[in-house]
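# Coordinate analysis (summary)
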Amino acid sequence: GRIFVLERNGKLRVIKNNTLLSQPLLDISSHVNTAGDRGALSFALDPDFETNGYIYLLYTYAFVTNSAPTTARLTRVQLNPVNSDVISPQINPNETILLGSITQPPGAGSPCVAGSDCIPDISNTHTIGQIIFDEDKNIFVSIGDGASAGGADSFALNALDLNWTVGKVLHIDKNGKGLPQNPFYNGNPDSIVSKVYYYGLRNPYSILYHPNDGLYAFDVGWNNYEEINLGEAGSNFGWPCYEGNFPQVQYSTFSRCQQL
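Residues numbered from 1 in each chain as written. Predicted model: local features only at pLDDT ≥ 70, side-chain atom pairs only at ≥ 80, totals over all residues. Heavy atoms only, no water.

### Some details on the environment of glycine 200
The condition is simple: Every helix listed is a DSSP run of H or I at least four residues long, and every strand listed is a run of E at least two residues long, numbered separately from the N terminus. Three labels apply to residues, based on accessible area from a 1.4 Å probe with only protein chains included: buried if under 20% of the type maximum, exposed if over 50%, partly exposed otherwise in between. Working rule for contacts: check all heavy atoms of both residues, and any pair within 4.5 Å makes them a contact.
With respect to the element layout, glycine 200 can be found in the loop between strand E13 (196-199) and strand E14 (206-210). For glycine 200, a relative accessible area of 0% translates into the label buried. Linking glycine 200 and asparagine 158, residues 42 residues apart in sequence, is a C-alpha distance of 8.4 Å. Residues in contact with glycine 200, not counting those within four places in the same chain, are Ala159, Leu160, Gly167, Asn236, Phe237, Gly238 and Trp239.

Take a look at the structure:
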């Protein structure tokens, strides 16, 4: 009988008996970055929510408060078993980090490198997308390339690198581990490559799972084409070398695109 509403600033609100409760269910606004495309952009209730009270949050982390490089993360919180309209503590509740434990963006001496548990966002665009569950109660989470939208940015090429989280749809269990059925699983559930389901995406802001069709990824294009993508596990949708079905001219000078 309740409606849950996530505000972009990181407050999760409750509508109960057709009334918006004055007190947020939780408030993580102190560490949510809302510059540009950033913010708290998706949440999901656990398929077993009525018994475990788990809520999953996907947001851009406030390593900085402006549009400078930062990171994102996926976390899990749990409802207060005594009062399910609030989380205790309500402000900055205890979060279990499933993805994005490294909150320092790439740079000199930063641990945010290929293969690390980092979701970098170099620009204030193409950050994160959506959390959904499949029929086995595992998580799909979509992540943008974290690169600039203003021109050809070499960072966007990491969308094609299986050791980076960016430009991907990841498929993980409720604890953030890669699944053995994933297309690039290498025996280590903590490796980034073991979590990759789709890659070569620009800004898959929305995803949808159909048990018969598979996973749809709705990807924001650059200047010419938006994409509705449906593929087999392991599909590469070509960004930034391709936009839609066509080579992206501004990236054609990169050797990685010449090889694709």
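From this point, things continue past the structure.
### Observations regarding the side chain of asparagine 203
Residue position: asparagine 203 is located in the loop between E13 and E14. Taking relative accessible area as the criterion, asparagine 203 reaches 9% and is therefore assigned buried. When residues no more than four places from it in sequence are discounted, the contact partners of asparagine 203 are His126, Thr127, Ile128, Gly144, Phe218, Asp219 and Val220.

### Points about the pattern of salt bridges
The following threshold applies: For this analysis, a salt bridge means a side-chain nitrogen from Lys or Arg found within 4 Å of a carboxyl oxygen belonging to Asp or Glu.
Under the counting rule described, the total for this entry stands at nine salt bridges. Across the pair lysine 16 and aspartate 85 runs a salt bridge, and its minimum N-O distance is 2.7 Å. Linking lysine 16 in strand E2 (residues 11-16) with aspartate 85 in the loop between strand E7 (70-78) and strand E8 (96-99), this pair joins segments that are 69 residues apart in sequence. Among the residues examined, lysine 16 registers a relative accessible area of 32% and is labelled partly exposed. Since its relative accessible area comes to 11%, aspartate 85 is described here as buried.

### Comments concerning the sheet that holds strand E15 (residues 214-219)
The condition is simple: The pairing criterion is simple: DSSP has to find at least two bridges between the two strands. Only C-alpha atoms enter the line fits that serve as axes; for helices the fit covers just the stretch in contact. Angles between N-to-C directions range over 0 to 180 degrees.
Read across the open sheet, the three strands follow the order E14-E15-E16; overall the sheet is antiparallel. The open sheet is flanked by E14 and strand E16 (227-230), the only strands paired with a single partner. The mean inter-strand angle of the sheet, taken between neighbouring strand axes irrespective of direction, is 20 degrees. Summarising the sheet, E15 and E16 pair through four bridges and their orientation is antiparallel.

### Let's talk about unusual backbone geometry
Tryptophan 239 connects to proline 240 through a cis peptide bond whose omega is 10 degrees. One can find proline 240 in the loop between E16 and strand E17 (242-243). The backbone phi angle of asparagine 17 is positive, close to 55 degrees, even though this residue is not glycine. Along the polypeptide, asparagine 17 turns up in the loop between E2 and strand E3 (19-20). Classification of asparagine 17 as exposed rests on a relative accessible area of 64%.

### What about the sheet that holds strand E12 (residues 168-172)?
Pairing in this open sheet of four strands is antiparallel, and the strands run E10-E11-E12-E13 from one edge to the other. Since the sheet does not close on itself, it has two edges, and those belong to strand E10 (128-133) and E13, each with one partner. On average, each strand axis in the sheet is tilted by 15 degrees relative to the strand beside it, whichever way the strands run. Where E10 meets strand E11 (residues 139-143), four bridges bridge the pair, whose relative direction is antiparallel. Paired with phenylalanine 133 across the bridge in E11 is isoleucine 139.

### Things to note about the side chain of threonine 60
Structurally, the position occupied by threonine 60 is in strand E6 (residues 54-61). For threonine 60, a relative accessible area of 0% puts it in the buried group. Setting aside residues no more than four positions away along its own chain, threonine 60 makes contact with His31, Val32, Asn33, Arg38, Gly39, Thr70, Thr71, Ala72, Asp121, Thr127 and Ile128.

Honestly, it's all geometry; don't read function into it.
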